[in-house]
Amino acid sequence: MENTPLFPVTHWSLVQRAGAADEAARRAALQSLLERYCRALNYFLFVTFGLKRDEAEEILQSFIMDQVLIRQLVARADKTKGRFRTFLMTSLRNYTISKFRAAKDEPSWSDFSSVAEEEPNSDVLIQASWVRTLLNTVVNAMKEECQASGRDDIWQVFEERVLLPIFSQALPPSYEDLTRRLRLSSPTQAANLLITGKRMYARLLRTAIGEYELEPQEIDSEIKDLWKILSEAPAFQEPTTME
Amino acid sequence: MDSMITEKLSPNQLAQLLTLDEKTPWVESDTGQVLRCQLHAALLPDLEAVSETALAVPALRQKLAARRIPLDQSLFGHLISPAPVLEVLQLIKQFARLVRDDMTSPLRGGPATVIYYAAIAAARVGCGCRISQVPDDQLRERFAWAKCQKGAERLSGLFAAATAQLSTSTS
């Protein structure tokens, strides 16, 4: 088709444009990149350094100004050296540590510097922080799609049978319990709703990954890579609330 | 920052959400209730809900309508009907075989197996037909097993009648 681009807009093409010399293209691509990554970066600061909301926002804005805009960090990203998010988050981590070091006499930040420098699981933290943001988007998108299409039944069965057991590490509700509360007509209906919900979730997950990062054929390997890193990660302590 | 519903999940929990590969079986103690519920659910919508049996349903609607059998008849109602439609029983048997091994179905295992043998029994009793290659002595054992399963109480008469026919035909 005439208007269909030969290659979809991928993460790395966006990165290349964000590092390009053309000012207008660079600004547009940078803005798009930052929109995609800001929330994950903000959350990464919270998880890695235990920063409060205003502290995380302050240091992120400072990072964007100093490193991304002035020093043109994105232009230095190299596809052959690994994933862009790892590059970006590692840069943010290093930047934050340097800020801690420079501000050791400031009590509000000095408390966090030892945590940041000693953290042994930084790669897992980076990936976990990323996946956390990604999955939050996917779950919310699924809930919204179910509501918009009048399929609350799909959402409810999916939430009860899939999400809550993972979230609470508890046994899923029994069929009897589920059918009574959701007024399902038969076990086959329950199974069908569950299958439909899982397919919808898988589609939205692939869409979300395809939007920010990779060529379609690489989505499966991205999911496998993230799964491997996270499932083999040792348990580590994360802050549980964000002020 | 807005609160995130995934905020407190561990890396391992996040990994589970990435694949959803972990099959979650329905609770075993449910099987009786599951079977009872399926037996009393309307027959056709559930046969239509399984893609492998769905294609045959439009033709069955016509057969049921021609026989003046209500289209919202329950699975149980058709199994114990004095004049069931053979093609419907064959489709019930196929449906049961499909869901018997389906991890996502609450009918998986025992409940589906009971329905499978109930369809065979109903074909014997209501249509005088065999829809299974299983030898009679084995069918007798399986009917005896099926009628003892939780949730199958109301099918015991059907299995008893079918067993009596097996006895007649093998004597």
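Our structure's up above, just so we're on the same page.
Residues numbered from 1 in each chain as written. Chains lettered and ligands numbered in written order. Predicted model: local features only at pLDDT ≥ 70, side-chain atom pairs only at ≥ 80, totals over all residues. Heavy atoms only, no water.

Here we look at the nonpolar core
Heads up, the condition is: Here, nonpolar core means buried Ala, Val, Leu, Ile, Met, Phe, Trp, Tyr and Cys residues that are tied together by side-chain atoms lying within 4.5 Å of each other. Relative accessibility decides the category of a residue: with a 1.4 Å probe and only protein chains considered, values under 20% of the type maximum give buried, values over 50% give exposed, and everything between is partly exposed. Per the convention used, a helix needs a DSSP run of H or I reaching at least four residues, while a strand needs a run of E reaching at least two, with both numbered from the N terminus.
With 84 residues, the main nonpolar core has M142 and Y201 of chain A together with L79, I92, F143, L155 and F159 of chain B as its most contacted residues. When residues in this core are grouped by element, the largest group, 11 residues, is from helix α8 (residues 110–127) of chain B.

Concerning the packing of helix α7 (residues 86–100) of chain B against α8 of chain B
All names here are of chain B. What counts is decided by this rule: The axes are straight lines fitted to the C-alpha atoms, using for helices just the contacting stretch, and the angles between their N-to-C directions are given from 0 to 180°. Roughly parallel covers angles under 35 degrees, roughly antiparallel covers those over 145, roughly perpendicular covers 65 to 115, and oblique covers all other angles. In this scheme the handedness of a crossing depends on how the near helix is turned from the far one: anticlockwise by less than a right angle means left-handed, clockwise means right-handed. Residue contacts are defined here by distance: any two heavy atoms, one from each residue, within 4.5 Å place the two residues in contact. Note on residue classes: Ala, Val, Leu, Ile, Met, Phe, Trp, Tyr, Cys and Pro are nonpolar, Asp, Glu, Lys and Arg are charged, and everything else, Gly too, is polar.
One can describe the packing of α7 onto α8 by two numbers: an axis separation of 8 Å at closest approach and a directional angle of 165°. In terms of axis orientation, α7 runs roughly antiparallel to α8. Crossing of α7 over α8 shows left-handed handedness. Residues L86, L89, I92, K93, A96, R97, V99 and R100 of α7 lie in contact with α8, whose contacting residues are A112, T113, I115, Y116, A119, I120, A122, A123 and C127. Residue composition of the contact of α7 with α8, by class: 13 nonpolar, one polar and three charged.

Regarding helix α8 (residues 175–182) of chain A
Residues and elements named next belong to chain A. Stated formally: By construction, the arc corresponds to the directions joining the helix axis to the C-beta atoms.
Considered for burial, the residues of α8 that qualify are Y175, L178, T179 and L182. Buried residues in α8, looked at end-on, bunch into an arc of 95°, giving them a common side. Directly beyond the C-terminal end of α8, a positive phi value near 55° is found at R183.

Structural notes on helix α3 (residues 53–70) of chain A
All names here are of chain A. In plain terms, the rule: Expected span of a helix: the number of residues minus one, times 1.5 Å. To get the bend at a residue, fit one axis to the 7 residues ending there and another to the 7 starting there, then take the angle between the axes.
In this model α3 runs 24 Å from its N-terminal to its C-terminal C-alpha over 18 residues, within 8% of the 26 Å that 1.5 Å per residue would give. The largest bend in α3 is about 25°, located at I64. Regarding α3, the residues found buried are E55, A56, I59, L60, S62, F63, I64, Q67 and V68. Downstream of α3 by a residue or two, Q72 has a phi angle that is positive, lying close to 50°.

Overview of the packing of aromatic side chains
Residue and element names in this part refer to chain B. Spelled out, the test is: Side-chain rings of Phe, Tyr and Trp (the six-membered ring for Trp) are treated as a pair once their centres are within 6.5 Å; stacked means planes under 30 degrees apart, edge-to-face means over 60, and tilted covers the remaining angles. As a reminder, the over-ring test applies to NZ of lysine and CZ of arginine, requiring each to be within 6 Å of the ring centre and within 35 degrees of the ring normal.
Per the stated rule, a full pass over the model turns up six aromatic pairs over all chains. Centroid distance Y117 to F143: 6.5 Å. Interplanar angle 80°. Geometry classified as edge-to-face. With Y117 in helix α8 and F143 in helix α9 (residues 136–147), this pair connects stretches of sequence that are 26 residues apart. With respect to class, Y117 is no different from F143; both count as buried. Taking 5.6 Å as the distance between ring centres and 40° as the angle between the ring planes, the aromatic pair formed by F143 and F159 counts as tilted. Residue F143 is found in helix α9, and its partner F159 is found in helix α10 (residues 156–170); the two are separated by 16 residues along the sequence. You can call F143 buried: its relative accessible area is 0%. Aromatic ring contacts, followed pair by pair, group Y116, Y117, F143 and F159 into a single cluster. Its guanidinium or amino end placed over the ring of Y116, R100 lies 5.0 Å from that ring's centre, counting from NZ or CZ.

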